[in-house]
Protein chains: 2
Amino acid sequence: MPRSSQPARRDRPEPRAATVARRASVLKAALDCFTRHGIDGTTIGDIQKAARCSVGSLYHHFGSKEGIAEELFIEGISRFNRGMLRRLRQSRGAEESVKAVVRFYCDWSMRNRALASYLHSRDIDFSEQARARLKTVYRSYITEVFTWFGPFVAGGTMRALPPEAYVPLISGPIQEYVRRWLSGHYEPSPARMKELFADAAWQAVRSRGPAGPAVH
Amino acid sequence: MPRSSQPARRDRPEPRAATVARRASVLKAALDCFTRHGIDGTTIGDIQKAARCSVGSLYHHFGSKEGIAEELFIEGISRFNRGMLRRLRQSRGAEESVKAVVRFYCDWSMRNRALASYLHSRDIDFSEQARARLKTVYRSYITEVFTWFGPFVAGGTMRALPPEAYVPLISGPIQEYVRRWLSGHYEPSPARMKELFADAAWQAVRSRGPAGPAVH
DNA sequence: ATGTTAACTAGAATATGGTTCTAGTAAAAG
DNA sequence: CTTTTACTAGAACCATATTCTAGTTAACAT
């Protein structure tokens, strides 16, 4: 096929430096507005003012207000995922790894409070296209995570469970806690709960039965 | 104070039957539209058509599109809460109660799929007033729940934990699982996971230590 | 350097759709 | 039977998301 002999023609043609900067500044401004007034509450004008750019510019780069919201969301998720994988790869052994997931979730959310809060808003009104992108991002992430944990399950350190059960069991509680904390339901910092949830996560997925007792 | 001697003047003056019906039909129509096209994707016109009523009527009863969304949300939460409390009160003992929470969450979500899905959309752009109402509803609910479980903790059957830890530990996993299931991430019905998560919940909050081993 | 192309910016014009307003109708209250 | 008030209707209004046309700037080939 001649297509493959074309010298990387279809790749994007290297965005200008100004473009990168503008996109970033828009996303930053948008996050700011969104956290302040909610997604619906912020107008294109708000973002425009905060990012100091024209309507035309916004639409050129993102196509729509929704486009901005989607981009912000996907970028945020990607950043979170990258961070999680980095942290995971620094961990040794099953227990440390499982706990690392919980701890990272907590730490990251506290460090990136606004973004974390935004990521908790649901993707109800995302476009089909954005949904697809998100799915891709998630798939490649979850694949890496499972690759990491696979050996522990195979080796019998962790319970063998239906694959869909692991994420809820490990991250469910901390996620729910952080969500409530972010939306201001209560004050106690997640940091104080971190180890509690980390332990619980490990108890939920560690191997039980003949291998040994579950307690001290 | 003379105010208190006024004969219950401030109560609502008994809504007409037609009013109740209309409100209900609007909420039903709205839920329908929202699940089909998302909240933002739904126009007042859509709801109007689906509920067969005029704009004026909508605004008379709910004040705004957001008002409709809020009402639907609060009503949904209330129904869920009532159901949960009913189920809880049919349970005997700590273990059965804890597991009942998980099971009910799962059952209810499957039975009321559209509403459950709607309730998972976050309350980002709710009015201050709605937020307050929601808080009231939640508070009275959580109070009853804690009243129910209090004795088990006091009696040593359940672990003593920071109060904010219980909900995430017990409901976090099933909630996360159901959320993913509702948004179509995967097929396996929550029913197949119900007992797994019920067990995990119980393990997370049951008493450990000297009282007995954590396993078989 | 200079011309050519395409990425990018700008803001006025447009269109969509949420909200308000005025004028009613029907049901309860006295 | 009158009065009051909850309720309905839909046209007018208005905020704001999006589109359009006209430029401007940067990269790049000659």
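The sections below set out a description of the structure shown in this document. (Residues numbered from 1 in each chain as written. Chains lettered and ligands numbered in written order. Predicted model: local features only at pLDDT ≥ 70, side-chain atom pairs only at ≥ 80, totals over all residues. Heavy atoms only, no water.)

Some words on a negative patch on the surface
Step number 1: A cluster of acidic residues, Asp 40 and Glu 66 of chain A together with Asp 40 and Glu 66 of chain B, forms a negative patch on the protein surface.
Step number 2: Accessibility expressed as a relative area gives 36% for Asp 40 of chain A, which makes it partly exposed. (Patch = residues over 30% accessible without salt bridge, like charges linked within 9 Å, V, L, I, M, F, W, Y side chains within 5 Å. Areas by Shrake-Rupley, 256 points an atom, 1.4 Å probe, with all protein chains shown as cover. Salt bridge = Lys/Arg side-chain N within 4 Å of Asp/Glu carboxyl O. Lys, Arg positive; Asp, Glu negative; His and termini not counted. Charge placed at Lys NZ, Arg CZ, Asp CG, Glu CD. Buried < 20%, exposed > 50% of the residue type's maximum accessible area, 1.4 Å probe, protein only.)

Structural notes on the pattern of salt bridges
Residues and elements named next belong to chain A.
Step number 1: Throughout the structure, instances matching the rule amount to 22 salt bridges over all chains.
Step number 2: For Arg 179, the salt bridge goes to Glu 176, with nearest N and O atoms at 3.4 Å. Of this pair, Arg 179 and Glu 176 both sit in helix α8 (residues 163-182), separated by 3 residues, roughly a single helical turn. No difference in accessibility class separates Arg 179 from Glu 176, as the two residues are buried. (Helix = DSSP H or I, 4+ residues; strand = E, 2+ residues; numbered from the N terminus.)

Thoughts on the protein's contact with DNA strand C
Step number 1: Neighbouring DNA strand C are 18 residues; Thr 19, Ser 57 and His 61 of chain A together with Ile 44 and Tyr 59 of chain B lie closest to it.
Step number 2: Considering the 4 Å shell around the protein, atoms of DNA strand C inside it are sugar or phosphate in 71% of instances.
Step number 3: Within the side chain of Ser 57 of chain A, one N or O atom sits 2.9 Å away from a phosphate oxygen of DNA strand C.
Step number 4: One of the side-chain N or O atoms of Tyr 59 of chain B is found 2.8 Å from a phosphate oxygen in DNA strand C.
Step number 5: For the surface near DNA strand C, the element with the most residues is helix α3 (residues 55-62) of chain A, which contributes 5 residues.
Step number 6: Residue composition of the surface near DNA strand C, by class: 5 nonpolar, 9 polar and 4 charged. (Near = heavy atom within 4 Å. Polar contact = N/O pair within 3.5 Å; in protein donor to acceptor, adjacent residues only side chain to side chain. Nonpolar A, V, L, I, M, F, W, Y, C, P; charged D, E, K, R; others polar.)

Remarks on the protein's contact with DNA strand D
Step number 1: Taken together, 18 residues form the shell around DNA strand D, and within it Ile 44 and Tyr 59 of chain A together with Thr 19, Ser 57 and His 61 of chain B come nearest.
Step number 2: Backbone atoms, meaning sugar and phosphate, make up 67% of the atoms of DNA strand D lying within 4 Å of the protein.
Step number 3: Taking Lys 65 of chain A, its main chain carries an N or O atom lying 3.0 Å from a phosphate oxygen of DNA strand D.
Step number 4: In this structure, a phosphate oxygen belonging to DNA strand D sits 3.1 Å away from a main-chain N or O atom of Ser 54 of chain B.
Step number 5: Of all the secondary structure elements, the ones that give two or more residues to the surface near DNA strand D are α3 of chain A together with α1 (17-41) and α3 (55-62) of chain B.
Step number 6: Here the surface near DNA strand D takes 5 residues from α3 of chain B, the largest share from any one element.
Step number 7: In terms of residue class, the surface near DNA strand D is built from 5 nonpolar, 9 polar and 4 charged.

Digging into the relation of the copies chain A and chain B
Step number 1: Under the fitted operation, chain A is carried onto chain B by 0.0 Å of movement along the axis and a turn of 180°, and the coordinates agree to an RMSD of 0.0 Å. Expressed as a symmetry operation, the mapping of one chain copy onto the other fits a two-fold axis. Within chain A, the C-alpha atom positioned nearest to the axis of rotation is that of Gly 172 of chain A, 2.2 Å from it. (Least-squares fit on C-alpha atoms with pLDDT ≥ 70 in both.)

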